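Close look at the chain arrangement
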Protein chains: 2
Amino acid sequence: MKAKRKSIAIDMDNVIADIEEQAIIWYERDFGVRIKREAMHGIPEADAFPNKQAVYNYVHAPGFFRTAPVVPGAVEALQKLMINFEVYIVSAAMEFPLSLYEKREWLSEHFSFISWRNIVFCGDKSVIDTDYLIDDHPKNLDFCRGKAIMFTAGHNRNHHQHTRVNNWAEAATLMEQELSIQG
Amino acid sequence: MKAKRKSIAIDMDNVIADIEEQAIIWYERDFGVRIKREAMHGIPEADAFPNKQAVYNYVHAPGFFRTAPVVPGAVEALQKLMINFEVYIVSAAMEFPLSLYEKREWLSEHFSFISWRNIVFCGDKSVIDTDYLIDDHPKNLDFCRGKAIMFTAGHNRNHHQHTRVNNWAEAATLMEQELSIQG
């Protein structure tokens, strides 16, 4: 008999929901300028945009989270991970009350195979205890209880204190290796 | 120097938000019959009402969670607990998507002294790791990682496997004792 399945907490923004791309799309819609993703490297997202305040406002605007694109490969990767791991979606959504319903609806649309039992919306993630956390934010990864895995986003490119994956193909490979280590 | 403050997860429904009372109020409004709280003793809440389906429907109805009364003594007790404990509100809200925004707004109205950082809405509570959990549901208490404290609700009166508190005065006294044991 195998032991209890290991658990993975997976962040939403910039890990399964492409918030960088969504900001680029909305900014182009509003200002007619398409910002390159490379412009976000090593700086907070909003700093890449000439009108920073517009981007700050987006996260409070109806529809921003609800219509965000899915990060490429996330759906297939999560379906595969669920075979061997207990997968939780853990999003620090509490700062933006409007996003709560939108994120829940977004998950129902794109990740309907994730049970509501496995979704957590929180403030800080320090009370969440899973064996792994895949997240783009050092502030979450630095204090997590399990193994921290940094999912590459523009803003985190200069942080090197955690195991890094650049996309869902790399994340899937890493988790397969973890599984074989567990034996 | 004292050690890190112990953490308490506090459930919402029937612990700080008086959902039994809210069901009674709405049922009387809709059917002109006032059900006694005693009718809920030892059975699932909805079973106390002649029209069970109406009560099931309430939890999906706009306004039900948003306008629920506060459990007597909860505000004062939480303010006091926050002096010595790290207090988290942890609600299994994910099953009812509409409730997410309503519960967040309700907390902002009645418990504005609780930071959004300390609010968690989840599906099951098994990934939440705090030193204590105050909750009315055996399904949450049975699997919690910290010390389980059962807050009396009608439906849990026949469950005796956890330390029980009948109201917020008793809960506050118990937590003071816990603090003195910690030294």
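Only a predicted model underlies this, so the values are computations on that prediction, with no experimental measurement involved. (Residues numbered from 1 in each chain as written. Chains lettered and ligands numbered in written order. Predicted model: local features only at pLDDT ≥ 70, side-chain atom pairs only at ≥ 80, totals over all residues. Heavy atoms only, no water.)

Focus: the pairing of strand S3 (residues 119-122) of chain B
Residue and element names in this part refer to chain B. Alternating residues of S3 divide into Ile-119 and Phe-121 and Val-120 and Cys-122, and every residue in both groups is buried. One ladder, built from 3 bridges, connects strand S2 (residues 86-91) with S3; its direction is parallel. Counted as the bridge partner of Ser-91 is Phe-121 from S3. Handedness of the crossover joining S2 and S3 through helix H4 (residues 97-110) is recorded here as right-handed. (Buried < 20%, exposed > 50% of the residue type's maximum accessible area, 1.4 Å probe, protein only. Helix = DSSP H or I, 4+ residues; strand = E, 2+ residues; numbered from the N terminus. Pairing = 2+ DSSP bridges. Right-handed = clockwise from strand over helix to strand, strands pointing away.)

Quick look at the interface of chain A and chain B
In this assembly, 23 residues from chain A lie in contact with 23 residues from chain B. When the two sides are added together, the surface that chain A and chain B hide from each other amounts to roughly 2,200 Å², 63% of it contributed by carbon and sulfur. Counting the surface chain A buries against chain B, the share from its top three residues, Met-94, Trp-116 and Val-127 of chain A, is 27%. Inspection of the region where chain A meets chain B yields 2 salt bridges. (Contact = heavy atoms within 4.5 Å. Buried area = accessible area lost by both parts, 1.4 Å probe. Salt bridge = Lys/Arg side-chain N within 4 Å of Asp/Glu carboxyl O.)

Brief notes about the domain arrangement of chain A
Residue and element names in this part refer to chain A. According to the domain assignment, chain A consists of domain 1 (7-18 + 70-182) and domain 2 (19-58). The gap between the C-alpha centroids of domain 1 and domain 2 is 23 Å. Contact residues are listed per partner, giving 9 residues for domain 1 and 11 residues for domain 2. Of the roughly 770 Å² buried at the junction of domain 1 and domain 2 (both faces included), carbon and sulfur atoms supply 43%. Of all residues in domain 1, Asp-18, Gly-154 and His-155 bury the most surface against domain 2, accounting for 58% of the area lost on that side. Our count for the contact surface shared by domain 1 and domain 2 stands at 1 salt bridge. Remark: the boundary between domain 1 and domain 2 carries 10 residue pairs in polar contact (both at pLDDT 80 or more). Per-class residue counts for the side of domain 1 that touches domain 2 are 2 nonpolar, 4 polar and 3 charged. (Domains from an automatic or database assignment. Polar contact = N/O pair within 3.5 Å; in protein donor to acceptor, adjacent residues only side chain to side chain. Nonpolar A, V, L, I, M, F, W, Y, C, P; charged D, E, K, R; others polar.)

Comments concerning the nonpolar core
Most often, soluble globular proteins have nonpolar side chains that are buried together. With 99 residues, the main nonpolar core has Ile-16 and Trp-168 of chain A together with Ile-16 and Trp-168 of chain B as its most contacted residues. Apart from the residues lying within four places of it in its own chain, the contact partners of Ile-16 of chain A are Ile-10, Asp-11, Pro-69, Val-70, Val-71, Ala-74, Leu-78, Ile-89, Trp-106, Leu-107, Phe-111 and Trp-168 of chain A. (Core = buried A, V, L, I, M, F, W, Y, C linked by side-chain atoms within 4.5 Å.)

Quick notes on the pairing of strand S5 (residues 147-151) of chain A
Residue and element names in this part refer to chain A. Along S5, 4 of the 5 residues are buried, which leaves the element largely enclosed by surrounding structure. The pairing of strand S4 (residues 132-135) with S5 spans 4 bridges and is parallel. Residue pairing for S5: Asp-135 is matched across the bridge by Met-150. Of the strand pairs in this sheet, S5 and strand S6 (residues 163-165) are connected by 3 bridges, and their pairing is parallel. Within S6, the residue paired with Ile-149 across the bridge is Thr-163.

So, the relation of the copies chain A and chain B
A rotation about some axis, followed by a shift along it, carries one copy of the chain onto the other. For the match of chain A to chain B, the screw axis carries a shift of 0.0 Å, the RMSD comes to 0.0 Å, and the turn is 180 degrees. Given the turn and translation reported, the copies of this chain are related as if by a two-fold rotation axis. Here 100% of the interface residues in chain A have copies in chain B that are interface residues too; the copies meet face to matching face. (Least-squares fit on C-alpha atoms with pLDDT ≥ 70 in both.)

Some thoughts on the pattern of salt bridges
Within this structure, the stated rule accounts for 30 salt bridges over all chains. Taking the shortest distance from any N to any O, the salt bridge between Arg-5 of chain A and Glu-86 of chain A comes out at 3.2 Å. In this pair, Arg-5 of chain A is assigned in the segment before strand S1 (7-10) and Glu-86 of chain A in strand S2 (residues 86-91), connecting sequence segments 81 residues apart. Judged by relative accessible area, which is 27%, Glu-86 of chain A ranks as partly exposed. Ionic pairing is found between Arg-37 of chain B and Glu-20 of chain B, a salt bridge with its closest N-O pair at 3.0 Å. Taken together, the residues span a long stretch of sequence, with Arg-37 of chain B in the loop between helix H1 (19-31) and helix H2 (52-58) and Glu-20 of chain B in helix H1 at a distance of 17 residues.

Thoughts on the packing of aromatic side chains
Residue and element names in this part refer to chain A. Using the criterion set out here, one finds 22 aromatic pairs over all chains in the structure. Ring geometry for Tyr-27 and Phe-49: centres 4.9 Å apart, planes at 55 degrees, overall tilted. With Tyr-27 in helix H1 (residues 19-31) and Phe-49 in the loop between H1 and helix H2 (52-58), this residue pair connects regions lying 22 residues apart in the sequence. For Phe-49, a relative accessible area of 3% corresponds to the buried category. (Phe/Tyr/Trp six-rings, centres within 6.5 Å; stacked < 30°, edge-to-face > 60°.)

Structural notes on the sheet that holds S6 of chain A
Overall, mixed pairing links the 12 strands, which are arranged S6(A)-S5(A)-S4(A)-S1(A)-S2(A)-S3(A)-S3(B)-S2(B)-S1(B)-S4(B)-S5(B)-S6(B) in an open sheet. What marks the edges here is a single partner per strand, and that holds for S6 of chain A together with strand S6 (163-165) of chain B. For this sheet, the mean inter-axis angle between neighbouring strands, taken without regard to orientation, is 25 degrees. Here helix H3 (residues 74-84) of chain A sits on the sheet in contact with S1 and S2 of chain A, set at roughly 130 degrees to S2 of chain A. Contacts from helix H3 (residues 74-84) of chain B reach strand S1 (7-10) and S2 of chain B within the one sheet, and its direction differs from that of S2 of chain B by about 130 degrees. (Axes fitted to C-alpha atoms, helices over the stretch in contact; angles between N-to-C directions.)

Considering the environment of Ala-61 of chain B
All names here are of chain B. Take Ala-61: it is sitting in the loop between H2 and H3. Along the backbone, Ala-61 and Ser-99 are 38 residues apart, and their C-alpha atoms lie at a distance of 8.8 Å. With residues near it in sequence (within four places) discarded, Ala-61 still touches Trp-26 and Leu-98.

Some words on the environment of Ala-74 of chain B
All names here are of chain B. Positionally, Ala-74 belongs in helix H3. In the structure, Ala-74 is positioned 42 residues away from Trp-116 in sequence and 18 Å away in space, judged by C-alpha atoms. When near neighbours in sequence (up to four residues on either side) are disregarded, Ala-74 contacts Val-15, Ile-16, Phe-111 and Trp-168.

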